[in-house]
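Each chain, written out:
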Amino acid sequence: MPSSPPRALTYRAHGNCYLNLTNRCTLRCGFCPKFRKDWVVDGYDLRLSHEPEAEELLAAIGNPRAFQEVVFCGLGEPTLHWSVLLEVADRLRAAGAAVRLNTDGLASWRTGRNVTPELAGRIDTVSISLNAQGEAVYNRHCRPPAEGAFPAVLEFASRARERLPRVILTAIEGLEGVDIPACRALADERRVELRVRRLDRVG
Ligand code: SF4
């Protein structure tokens, strides 16, 4: 009988260590595997029994310099567990790790303040889910809780560009209505990178 995949606060893949801070999200993306009750990524079950404290995460990471990057990822939006994100990022940077944040780019919109100064000095790379070239396609796929999320993602990318060494926007190849060249143009206008992801590929 096949064994169940292990539940994971952290998991290793692609030479990186991924941190699973929360299962909460601001968005309800139609393409998200968790809404199909599929929580398994790279052989790990990312359903959390509780949201971890900083010490639990740091213990699960071990030596952060053993990885190319330590990545705040999910299956959830890491910025919703903000204080733990900042504390762990501080400790990782102090230990000499390269730190990436994968985010929906909505933390400033959600909180009503520009949070990018708080990420400066803690996060080396921020990877922001752009997911579409315009608000109509974005809203259809990502289902934000209110109007204005899409321009807020672009504003977050611009603010992050002023503060952080590396900013990447991501879009998903094969998602209905998504125009990858138009997404690339939005990234180019902001002088940030575009990474094209495959559907159902987390990380
Ligand atoms: S932000 Fe990520 S984890 Fe959250 S619903 Fe969208 S795809 Fe799923």
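These notes cover the structure that comes with them. The shown structure was predicted, so the numbers you read here are calculated from the model rather than taken from an experiment.

With respect to the packing of helix α1 (residues 54-61) against helix α2 (residues 82-94)
Between two packed helices, the angle of one axis relative to the other and the distance separating the axes together describe the packing.
So, point 1. Orientation of α1 relative to α2, taken along the N-to-C sense of each, is 40 degrees, at an axis distance of 9 Å. Here α1 lies oblique to α2, going by the angle between them. Once α1 is placed against α2, the crossing between them reads as right-handed. Every residue of α2 that contacts α1 at A54, E55, L57, L58 and I61 is listed here: V84, E87, V88, R91 and L92.

Observations regarding unusual backbone geometry
So, point 1. Of note in the backbone geometry, K37 takes a positive phi value of approximately 60 degrees without being a glycine.
So, point 2. Structurally, the position occupied by K37 is in the loop between β2 (16-19) and β3 (40-41).
So, point 3. At R191, a residue that is not glycine, the phi angle is positive and equals roughly 55 degrees.

Considerations on the site of the ligand
So, point 1. Near the ligand you find C25, L27, C29, F31, C32, F35 and G76, and these make up its full shell.
So, point 2. Within the shell around the ligand, the residues separate by chemical class into 6 nonpolar, 1 polar and no charged.

Considering the pattern of salt bridges
So, point 1. Applying the stated rule across the entire model yields 13 salt bridges.
So, point 2. Between R91 and E87 there is a salt bridge, with the nearest N and O atoms lying 3.6 Å from each other. Taken together, the positions of R91 and E87, both in helix α2 and 4 residues apart, correspond to about one turn of that helix.
So, point 3. Among the residues examined, R91 registers a relative accessible area of 38% and is labelled partly exposed.
So, point 4. By relative accessible area, E87 is classed as partly exposed at 37%.
So, point 5. Among the salt bridges present, the one from R159 reaches E162, with a minimum N-O distance of 2.5 Å. With R159 and E162 both in helix α6 (residues 149-163) and 3 residues apart, the pair spans about one turn of that helix.
So, point 6. Judged by relative accessible area, which is 24%, R159 ranks as partly exposed.
So, point 7. In this structure, a network of salt bridges that share partners links the residues E55, E87 and R91.

Thoughts on the environment of L58
So, point 1. Mapped onto the elements of the fold, L58 is located in helix α1.
So, point 2. Judged by relative accessible area, L58 falls into the buried class, the value being 16%.
So, point 3. Among all residues touching L58, those that are not within four sequence positions of it are V88, R91 and L92.

Considering the pairing of strand β8 (residues 166-173)
Along a regular strand, successive side chains alternate from one face of the sheet to the other.
So, point 1. Most of β8 is tucked away: 6 of the 8 residues are buried.
So, point 2. In the sheet, strand β7 (residues 125-129) pairs with β8 via 5 bridges, with the strands oriented parallel. Its bridge partner being in β8, V126 is matched across the sheet by V167.
So, point 3. With 6 bridges connecting them, β8 and strand β9 (residues 193-198) associate as parallel partners. For E173, the partnering residue across the bridge sits in β9 and is R198.
So, point 4. In this fold, β8 hands off to helix α7 (residues 180-189), which returns the chain to β9; that crossover is right-handed.

Conventions we followed
- Residues numbered from 1 in each chain as written.
- Predicted model: local features only at pLDDT ≥ 70, side-chain atom pairs only at ≥ 80, totals over all residues.
- Heavy atoms only, no water.
- Axes fitted to C-alpha atoms, helices over the stretch in contact; angles between N-to-C directions.
- Helix = DSSP H or I, 4+ residues; strand = E, 2+ residues; numbered from the N terminus.
- Parallel < 35°, antiparallel > 145°, perpendicular 65-115°, else oblique.
- Left-handed = near helix turned anticlockwise from the far one by under 90°.
- Contact = heavy atoms within 4.5 Å.
- Near = heavy atom within 4 Å.
- Nonpolar A, V, L, I, M, F, W, Y, C, P; charged D, E, K, R; others polar.
- Salt bridge = Lys/Arg side-chain N within 4 Å of Asp/Glu carboxyl O.
- Buried < 20%, exposed > 50% of the residue type's maximum accessible area, 1.4 Å probe, protein only.
- Pairing = 2+ DSSP bridges.
- Right-handed = clockwise from strand over helix to strand, strands pointing away.

None of the figures reported here should be taken as evidence of function without further support.
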